[in-house]
Amino acid sequence: MSRIGRMSVILPKEVKISCDLSRVEVIGPRGHLIRHLPQGISVSVDGGKVSVQRADDNRNSKALQGLTRSLIANMIIGVAQGFEKRLEIVGVGFRADLQDKVLKLSLGFSHPILFPIPEGIQIEVEKQTQITIKGIDKQQVGTIAAKLRSIKLPEPYKGKGIRYVGERIRKKVGKTKA
């Protein structure tokens, strides 16, 4: 069984945290994030350490304590350093282009895909086949990366599509003449 919930989170010098009974607010050089606390979970700040306590010892409370501790740790890392996901586009004629707050993707469909960029997310396009998604909210960065990838999943024969950098695609053997 994991003991993540009992561990305290070390607070960097440039990050400030404020908590009350129902929410936690983390402020840092890259921005601020707010998260509401589940019922029965409380957060305390002791000097440079943040600790999460639970009201009772039932299974659900233990799980929520570990989850809340991990979410707060991700908030602290996000406002201090930020998160980033990198995608690559593979395929002849497949490319991405950034126009104001819209990402334009040409992926072999009969029309270009226009993907609006939400608030709090920065997208950079290098070499028309490399996309970098940056932001302070880990969940939002991962969700946007997954949505972009789902537009054109890598196909198993030639590997064409959008994939994470470093992702390995298991390829199938094509037809052979008998």
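See the structure shown above.
Residues numbered from 1 in each chain as written. Predicted model: local features only at pLDDT ≥ 70, side-chain atom pairs only at ≥ 80, totals over all residues. Heavy atoms only, no water.

### What to know about helix α1 (residues 59-80)
Argument step 1. Helix length check: α1, at 22 residues, gives a terminal C-alpha distance of 32 Å against a target of 32 Å (1.5 Å per residue), a fit within 8%.
Argument step 2. Of the residues making up α1, those classed as buried are Ser 61, Gln 65, Gly 66, Thr 68, Arg 69, Ile 72, Ala 73, Met 75, Ile 76, Gly 78, Val 79 and Ala 80.
Argument step 3. In the stretch just after α1, Gly 82 is the one whose phi turns positive, near 90°. (Helix = DSSP H or I, 4+ residues; strand = E, 2+ residues; numbered from the N terminus. Expected span 1.5 Å × (residues − 1). Buried < 20%, exposed > 50% of the residue type's maximum accessible area, 1.4 Å probe, protein only.)

### Observations regarding the sheet that holds strand β9 (residues 102-106)
Either a parallel or an antiparallel arrangement is found when strands of a sheet pair, and the pairing is made through backbone hydrogen bonds.
Argument step 1. Read across the sheet, three strands follow the order β8-β9-β10 without closing on themselves; strand pairing throughout is antiparallel. Edge strands, defined here as strands with exactly one partner in the open sheet, are β8 (95-99) and β10 (113-116). Taken pair by pair, the neighbouring strands of this sheet meet at an average axis angle of 25°, ignoring direction.
Argument step 2. The pairing of β9 with β10 spans four bridges and is antiparallel. Across the sheet, residue Lys 104 finds its bridge partner in β10, namely Leu 114.
Argument step 3. Sheet contacts for helix α2 (residues 138-151): β9 and β10; angle to β10, the most-contacted strand, approximately 175°. (Pairing = 2+ DSSP bridges. Axes fitted to C-alpha atoms, helices over the stretch in contact; angles between N-to-C directions. Contact = heavy atoms within 4.5 Å.)

### Considering the side chain of Thr 132
Argument step 1. Locating Thr 132 in the fold gives a position in strand β12 (residues 130-135).
Argument step 2. For Thr 132, the side chain forms a polar contact with the side chain of Arg 86, separated by 3.4 Å.
Argument step 3. Not counting residues up to four positions away in its chain, the partners in contact with Thr 132 are Glu 84, Lys 85, Arg 86, Gln 122, Ile 123, Glu 124 and Glu 126. (Polar contact = N/O pair within 3.5 Å; in protein donor to acceptor, adjacent residues only side chain to side chain.)

### Quick look at the pairing of strand β4 (residues 31-36)
Argument step 1. Pairing of strand β3 (residues 23-28) with β4 involves six bridges; the strand directions are antiparallel. Residue pairing across strands places Gly 28 opposite Gly 31, the latter belonging to β4.
Argument step 2. Hairpin connection from β3 to β4: two residues lie between these consecutive antiparallel strands.

### Let's talk about the packing of aromatic side chains
Argument step 1. Applying the stated rule across the entire model yields zero aromatic pairs.
Argument step 2. Its end group placed over the ring of Tyr 164, Lys 85 keeps NZ or CZ at 5.6 Å from the ring centre. (Phe/Tyr/Trp six-rings, centres within 6.5 Å; stacked < 30°, edge-to-face > 60°. Lys NZ or Arg CZ within 6 Å of the ring centre and 35° of its normal.)

### Concerning the nonpolar core
Argument step 1. Ranked by internal contacts, the top residues of the largest apolar core, which has 20 residues, are Ile 89, Leu 103, Leu 105, Ile 123, Ile 131, Ile 133 and Leu 148.
Argument step 2. Among the elements of the structure, β7 (83-90), β9, β10, β11 (121-126), β12 and α2 are those that each provide at least two residues to this core.
Argument step 3. Considering each element in turn, this core owes the most residues, four residues, to α2.
Argument step 4. Core analysis: the next-biggest nonpolar cluster, separate from the first, contains 19 residues, Val 26, Val 52, Ala 73 and Ala 80 among them. (Core = buried A, V, L, I, M, F, W, Y, C linked by side-chain atoms within 4.5 Å.)

### Let's talk about the sheet that holds strand β2 (residues 16-19)
Argument step 1. The strand order across the open sheet built from three strands is β2-β3-β4, with neighbouring strands paired in antiparallel fashion. The open sheet has two edge strands with one neighbour each: β2 and β4. On average, each strand axis in the sheet is tilted by 15° relative to the strand beside it, whichever way the strands run.

### Points about the pattern of salt bridges
Argument step 1. Tallied over the full model, the rule gives five salt bridges.
Argument step 2. Its salt-bridge partner being Arg 149, residue Glu 167 comes within 2.6 Å of it at the nearest N-O pair. Of this pair, Glu 167 sits in the segment after β13 (161-164) while Arg 149 sits in helix α2, placing them 18 residues apart in sequence.
Argument step 3. For Glu 167, a relative accessible area of 23% puts it in the partly exposed group.
Argument step 4. Under the relative-accessibility criterion, Arg 149 is labelled buried at 19%. (Salt bridge = Lys/Arg side-chain N within 4 Å of Asp/Glu carboxyl O.)

Worth remembering: the numbers are spatial, not functional.
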